[in-house]
Amino acid sequence: MVRLRKVSIAFCAGALLVPVLLSDPAGAGPERTEDAAPAPAPPSEDRLRVDYESGTLNSGVEGLTTTKATAPDASGVVRPADEGSHAVQHKVTLGDPGYESNGAPRSESATDLLPSGRFVVGDEQRYEFSVLLKDWKTYTPGDSESGDIVFQGKYAGDNVPAFYLMAKRDEIAFRSPHLNRQSTVVEDLGPQVNRWMRFRVDARWTTDGTGYLRVAVRLSGEDGFRPVVAYENVRTYQPENPADHGYLKWGLYRPSQSIGNGDVPTRIVRHDDLRVTDLS
């Protein structure tokens, strides 16, 4: 278990980039809305917490990997934050190879090499994090409708994600590719730009129909989490290629986007206070 010291201070939407060196490298149907999730189970103690209070890209957590993108500002530690004094920032500029990783426009951190950041069949876990869309250009009719992925639960190896959260059009959507389900979890993105939003995803990982994925949201100014979507009694662990575990990725992944398609050239996203908690 990794414990990091927290320092609480006031925060605001703006931040200054604190230059840091890139560190270890890191290794995506139709829309429908599901019933809101039931009240979440009480959590046990965090098995992993990444709060960036160390001021470093790996948050002082040995095994936490960072982006392979080579641009100096593809990732960095910034302040202020949602909690404490530091957060992580990822940036992607389309058409610039310095913001590509594994041949795609993305800059992400990941827990693939971190045992406390993995999930396996039988696990019941909570993934909680804060995200801020920095100076985000919002959607207007006629713009590209491609989605920008900001958080993933991914099966290891060459597999699509088990789930992800993405900013698409004027909303944030939650999608499970294998279940072919997608639901809106934040309906009006515009007022949330440059404000911290907090998300909570509860999951039971199963190879039969007893699993679930439940999402709750706490927007800026709200006192607590609101259940917004639940996929109940579903098979949640179903990689297309062999995978003995899954892991988490956060940052910015812009699949199938390009300047030629009319996508926004540069996007920036920030994350803070990521937690993995056992629920079982």
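Everything below is about the structure printed above this text.
Remember, it's a predicted structure, so these values are computed and weren't measured experimentally. (Residues numbered from 1 in each chain as written. Predicted model: local features only at pLDDT ≥ 70, side-chain atom pairs only at ≥ 80, totals over all residues. Heavy atoms only, no water.)

The next subject is the pairing of strand β10 (residues 161-168). β10 sits mainly inside the fold: eight of its eight residues count as buried. Note that strand β9 (residues 148-155) and β10 share six bridges and pair antiparallel. Paired with F151 across the bridge in β10 is L165. The loop that links β9 with its antiparallel partner β10 comprises five residues; one of these, G157, has a positive phi angle of about 85 degrees. As judged from the five bridges shared by β10 and strand β11 (residues 171-176), these two strands associate in the antiparallel manner. When the bridges of β11 are listed, A167 appears paired with I172. In sequence, β10 turns back onto β11 through a hairpin of two residues, with R169 there showing a positive phi of about 55 degrees. (Buried < 20%, exposed > 50% of the residue type's maximum accessible area, 1.4 Å probe, protein only. Helix = DSSP H or I, 4+ residues; strand = E, 2+ residues; numbered from the N terminus. Pairing = 2+ DSSP bridges.)

Before going further, it helps to examine the environment of Y52. Note that Y52 resides in the loop between β2 (46-50) and β3 (75-79). Taking the relative accessible area as the measure of exposure, Y52 reaches 0% and is therefore buried. For Y52 and E83, which are 31 residues apart along the polypeptide, the C-alpha to C-alpha distance reads 9.6 Å. Setting aside anything within four residues of it in sequence, one finds Y52 in contact with L57, S59, L64, H86, A87, V88, S109, W250, H271 and L274. (Contact = heavy atoms within 4.5 Å.)

This brings us to the pairing of strand β12 (residues 181-186). For β12, the buried fraction is high: five of the six residues fall into the buried class. The pairing of β11 with β12 spans five bridges and is antiparallel. Looking across to β12, one finds that F174 is bridged to S183.

So, on to the pattern of salt bridges. Counted under the stated rule, the structure contains 19 salt bridges. Of the charged contacts, one joins D273 and R49 as a salt bridge, the two residues approaching to 2.9 Å between their closest N and O atoms. With D273 in strand β17 (residues 266-278) and R49 in strand β2, this pair connects stretches of sequence that are 224 residues apart. Overall, D273 belongs to the buried group, its relative accessible area being 1%. Residue R49 is classed as buried on the basis of its relative accessible area of 17%. Residue E128 pairs with R198 through a salt bridge whose shortest N-O separation is 2.8 Å. Of the two residues, E128 is situated in strand β8 (residues 124-133) and R198 in strand β13 (residues 197-204); the sequence distance between them amounts to 70 residues. (Salt bridge = Lys/Arg side-chain N within 4 Å of Asp/Glu carboxyl O.)

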